[in-house]
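# Descriptive analysis of the structure
Next come the chains, spelled out residue by residue.
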Amino acid sequence: MRKVGIGIVGCGNISTKYLEAMRRFPMLELKAVADMRSAAAEKRGAEFGVPGLRVGELLKRDDVEIVVNLTVPLAHTDVSLAVLNAGKHVHSEKPLGINTLEARKVMDLAAQKNLRVGCAPDTFLGGGHQTARKLIDDGAIGKPVGGSAFFGCPGHESWHPAPGFYYLRGGGPMLDMGPYYLTDLVQLLGPVASVMGSTARPRLERLVTSRPMNGALIPVEVSTHVAGTVEFENGAVVSITMSFDVPQHTHTPIEIYGDKASLLVPDPNKFGGEVKLAKPRGAWEAVALTHGHAEGEFRSIGVADMAAAILADRPHRASGALAFHVLEVMEAFQKSADEGRRITIESRVERPAALPAGRDVGQID
C-alpha cells in the first residue's frame, strides 16, 4: 500500500497523542510538523524525527497530502482554509469551526477545490463504539426509542496549563465535549432532526489552580452548563447534559433504550470500554467487543481512514459533513435557549459506514 504524507499544524498538548497514534497506522507517513511558535515546532519535530517548520513552510511541501489541524478552536477555520488553498486535504481537531457560518466556508472551499475535509472526534471508530453500533444494527435492542448522554466536571482550570480558551468564544462544554457524545450518537442513531436546549453561566470568572497560571482569574464568555433534548430523524429522543459546573456525579456516559433492550455505551472520549445490554427486568450483561482499536490511544484513526479512503476512492468516516451536522446541533442548544423554542436542524448526513468486525490494530477498510 502506498503511504500518504501527513503534516501537523499545531504542536500543543494534543499533538503528542496524535503523533504517537500515527505510528500504529502503516498507511500514514509523517513528513513534518509546524506551529506559529518556532520553538514548539522544533521541539515536537525533534521528538518524532521530522522537521519542525513554520506553517507556511509546511504548506509548500509537495510530500504532504493531508494536514492535521491541531490549533485552538478560534484558529480552526483560518488554518483549514489555508490548508485547502494550498491544495491539500485537511483533518481538523473539533469543532470544525466555532459556528456553522465559519465551518461552511471550509466545506464550500473544499467542494470547490475537490478536496477532503475530515474532523475529530474519531473515537467513535474505536472498538467499544463500533461494537455498540453493531448491536444496534443487528437489532439487539429493537427499535431505538430514547436515551441519555451526560458529561460533567468542575472545569479544566484545575489541571490544564492554559485553560483560558475553554471559556472563550468557541469554547464551553458543548463545543469542547459535545462533539464526542453527539458524533457517537449520530453514528449510532442517524441524523438529528431537532433540538431543545437550556443553558446557564453561573460564574463570569474562573479561578485557575493549575500551574503555571495558579491564582489567575479568567473570563467566561460562554455557557458552562448546557442541557436539552435531541430528537433524531428515526424518532429516538435523547436527553443530554454537558457541563463544567458539576463537582461529582454518578451518570453513565451514554445509554440507548430500545423496545427490546437497553444498551450502555462506553465513554465516547475513549476508544474502548465496556459495552452492556439489559433486557426488560433483566440484569446488565457485558458484551464481548467485536472490533479492534479498543485498548490504547488511537487518536489518528480518522486520519488513517481518510488516507485509506483516498487510496481506495471511497468516502471517509470522520467527515467534514458529519462534523458540520454535529456543529449545527451543538449551536442549536444556545439558539433554543435564547429564543425559547425548538430548533429544526437543516443539515443531514448519512451515518458513517460501520467498520468491519475483527480488524487488527492499524487495519482500516
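Quick note: structure is the one above.
Let me begin by describing the structure that accompanies this report. (Residues numbered from 1 in each chain as written. Predicted model: local features only at pLDDT ≥ 70, side-chain atom pairs only at ≥ 80, totals over all residues. Heavy atoms only, no water.)

### Details of the overall build of the protein
- If you tally the helices and strands in the protein, you get 9 helices and 17 strands.
- Along the first, second and third principal axes, the C-alpha atoms of the protein reach 60 × 50 × 35 Å.
- Burial statistics for the protein: of 365 residues in total, 57% are counted as buried.
- Expressed as a percentage of contacts within the protein between residues at least 6 apart in sequence, the contacts between residues at least 24 apart total 72%.
- Summed over its atoms, the accessible surface of the protein is roughly 15,300 Å², and 52% of this surface lies on carbon and sulfur atoms.
- Side chains of the protein give 40 positive and 41 negative charges; the mean places of these two sets differ by 1 Å. (Helix = DSSP H or I, 4+ residues; strand = E, 2+ residues; numbered from the N terminus. Buried < 20%, exposed > 50% of the residue type's maximum accessible area, 1.4 Å probe, protein only. Contact = heavy atoms within 4.5 Å. Areas by Shrake-Rupley, 256 points an atom, 1.4 Å probe, with all protein chains shown as cover. Lys, Arg positive; Asp, Glu negative; His and termini not counted. Charge placed at Lys NZ, Arg CZ, Asp CG, Glu CD.)

### Examining the pairing of strand 11 (residues 225-232)
- Across the two faces of strand 11 the burial differs, with Val 226, Gly 228, Val 230 and Phe 232 buried and His 225, Ala 227, Thr 229 and Glu 231 not buried at all.
- One ladder, built from 7 bridges, connects strand 11 with strand 12 (residues 237-243); its direction is antiparallel. By the bridge assignment for strand 12, Val 230 is matched with Val 238.
- Turn length for the strand 11-strand 12 hairpin, with the two strands adjacent in sequence and antiparallel, is 4 residues, and the turn residue Gly 235 shows positive phi of about 100 degrees. (Pairing = 2+ DSSP bridges.)

### What to know about the nonpolar core
- Core analysis: the largest hydrophobic core is formed by 105 residues, its most contacted members being Leu 182 and Leu 263.
- Per-element accounting of this core gives the leading share, 10 residues, to helix 7 (residues 173-189). (Core = buried A, V, L, I, M, F, W, Y, C linked by side-chain atoms within 4.5 Å.)

### Comments concerning the sheet that holds strand 8 (residues 192-200)
- In spatial order, the strands read 16-15-14-13-7-12-11-8-17; together these 9 strands make up an open sheet with mixed pairing. The sheet terminates laterally at strand 16 (285-287) and strand 17 (343-344), the two strands that pair on one side only.
- Relative to strand 15 (residues 275-278), strand 14 (residues 262-265) is paired through 3 bridges, and the arrangement is antiparallel. For Leu 264, the partnering residue across the bridge sits in strand 15 and is Lys 276.
- Where helix 6 (residues 127-137) meets the sheet, it contacts strand 7 (144-152), strand 13 (254-258), strand 14, strand 15 and strand 16, and its direction lies at approximately 165 degrees from that of strand 14.
- Strands in contact with helix 9 (residues 320-339) are strand 8, strand 11, strand 12 and strand 17; relative to strand 8, the strand with the most contacts, it is inclined by about 50 degrees. (Axes fitted to C-alpha atoms, helices over the stretch in contact; angles between N-to-C directions.)

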